[in-house]
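# Structural features, examined
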Amino acid sequence: MVTLTHRNPPDREESRRWAQGLLERSDWAILDTETTGLDATAEVIQIAVLGPDGTCLMDTLVRPLGRIPSDAVAIHGINDKKVAAAPPYSEIHSRLIETLQGRRLIAYNAQFDRRLLRQTANQNGLWEIPNQWDCAMEQYARFVGQWNSRRGSYAWQPLPRPDSPPGYKHQAIDDCLATLAVIRRMAQE
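Residues numbered from 1 in each chain as written. Predicted model: local features only at pLDDT ≥ 70, side-chain atom pairs only at ≥ 80, totals over all residues. Heavy atoms only, no water.

Across its full length, the protein holds 7 helices and 7 strands. Here the protein has a C-alpha radius of gyration of 17 Å; the compact-globule value for 189 residues is 16 Å, and the two agree. For the protein, the C-alpha atoms occupy an extent of roughly 50 × 35 × 30 Å along the three principal directions. Burial status across the protein gives 49% buried among its 189 residues. Relative to all contacts within the protein whose residues are 6 or more apart in sequence, the contacts with residues 24 or more apart total 68%. Element-wise, carbon and sulfur atoms account for 50% of the exposed surface of the protein, whose accessible area totals about 9600 Å². The average position of the 22 basic charges and that of the 23 acidic charges among the side chains of the protein differ by 3 Å. (Helix = DSSP H or I, 4+ residues; strand = E, 2+ residues; numbered from the N terminus. Rg over C-alpha atoms; globule rule 2.2 N^0.38 Å. Buried < 20%, exposed > 50% of the residue type's maximum accessible area, 1.4 Å probe, protein only. Contact = heavy atoms within 4.5 Å. Areas by Shrake-Rupley, 256 points an atom, 1.4 Å probe, with all protein chains shown as cover. Lys, Arg positive; Asp, Glu negative; His and termini not counted. Charge placed at Lys NZ, Arg CZ, Asp CG, Glu CD.)

Another aspect to go through is the packing of aromatic side chains. Across all of its chains, the model carries 2 aromatic pairs by this definition. Seen in terms of ring centroids, Tyr 140 and Phe 143 are 6.4 Å apart; in terms of plane orientation they differ by 20°. Their pairing is stacked. Taken together, the positions of Tyr 140 and Phe 143, both in helix H6 (residues 136–144) and 3 residues apart, correspond to about one turn of that helix. Of the two residues examined, Tyr 140 and Phe 143, each falls in the buried class. (Phe/Tyr/Trp six-rings, centres within 6.5 Å; stacked < 30°, edge-to-face > 60°.)

Here we take up the packing of helix H1 (residues 9–23) against helix H7 (residues 172–188). The contact between H1 and H7 brings their axes to 7 Å, and the two run at 115°. The handedness of the crossing between H1 and H7 is left-handed. Contact residues: H1 offers Ser 15, Arg 16, Trp 18, Ala 19, Gln 20, Leu 22 and Leu 23, while H7 offers Ile 183, Arg 184, Met 186 and Ala 187. Of the residues belonging to the contact of H1 with H7, the class tally is 7 nonpolar, 2 polar and 2 charged. (Axes fitted to C-alpha atoms, helices over the stretch in contact; angles between N-to-C directions. Left-handed = near helix turned anticlockwise from the far one by under 90°. Nonpolar A, V, L, I, M, F, W, Y, C, P; charged D, E, K, R; others polar.)

This next bit is on H7. Under the 1.5 Å per step criterion, the end-to-end length of H7 is 25 Å for 17 residues, consistent within 8% with the ideal 24 Å. Within H7, the full set of buried residues consists of Ala 172, Ile 173, Asp 175, Cys 176, Ala 178, Thr 179, Leu 180, Val 182, Ile 183, Met 186 and Ala 187. (Expected span 1.5 Å × (residues − 1).)

Further remarks concern the pattern of salt bridges. Tallying each qualifying case throughout the model produces 9 salt bridges. The salt bridge involving Arg 12 is made with Glu 189; its shortest N-O contact spans 2.8 Å. Of the two residues, Arg 12 sits in helix H1 while Glu 189 sits in the segment after H7, which places them 177 residues apart along the sequence. Here Arg 12 falls in the partly exposed class, since its relative accessible area comes to 23%. For the salt bridge of Glu 13 with Arg 16, the shortest nitrogen-to-oxygen distance reads 2.3 Å. Here Glu 13 and its partner Arg 16 are both found in helix H1, 3 residues apart, which amounts to about one turn of the helix. When its relative accessible area of 27% is taken as the criterion, Glu 13 is described as partly exposed. Residues joined in a network through salt bridges with shared partners are Glu 13, Arg 16 and Arg 17. (Salt bridge = Lys/Arg side-chain N within 4 Å of Asp/Glu carboxyl O.)

Attention now goes to the layout of surface pockets. Sizing a probe to match a water molecule and rolling it over the atoms shows the empty space that remains. Space inside the largest pocket adds up to approximately 570 Å³. As for the largest pocket, its lining consists of 23 residues, of which Glu 34, Asn 109, Phe 112, His 170 and Asp 175 are closest to the centre. By residue class, the composition of the lining of the largest pocket is 9 nonpolar, 8 polar and 6 charged. (1 Å grid on protein atoms, 1.4 Å probe; cavity = no way out; pocket = protein on both sides within 12 Å on 5 of 7 lines; lining within 4 Å. Points joined across faces, edges and corners; volume = space filled by probe spheres on them.)

Have a look at this one:
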């Protein structure tokens, strides 16, 4: 855990209360994706969903409409061969919506995961997931309190993964577990 002098201690306390409030409820889930890239044509190729108690609700590869570029493979290790037998997004969309029904979604960089799920749904002629989203990355940035004067806001922090060996290719479920650990740590401090 990063410990520095906080710019605005009430912001840290508000993030701590946000995390505590989550842990007192059961109507949320952590979601993470791995993708073919970052741009407007990128697709989701892995989706994981974790319940508030750490139960895996979904962990699936997704066969994209296009190919997986080598720069994306270098990040997560998922290549075209690994997704060849995976279901396409069109086959898992309704199961994903059912899994998430009535839940607030928490993601580490929610804006990115939400956009990529929306893009992938649109590319498959499907509708966006209707859930509300919260961003654990933004809450953690407020909690840590490092100021980014260039952006005029708290500096985003990398998702802590203390047990990952160097060169490890993370998967969506790993990011869900790491996000849950961050939420629990924020709630305890």
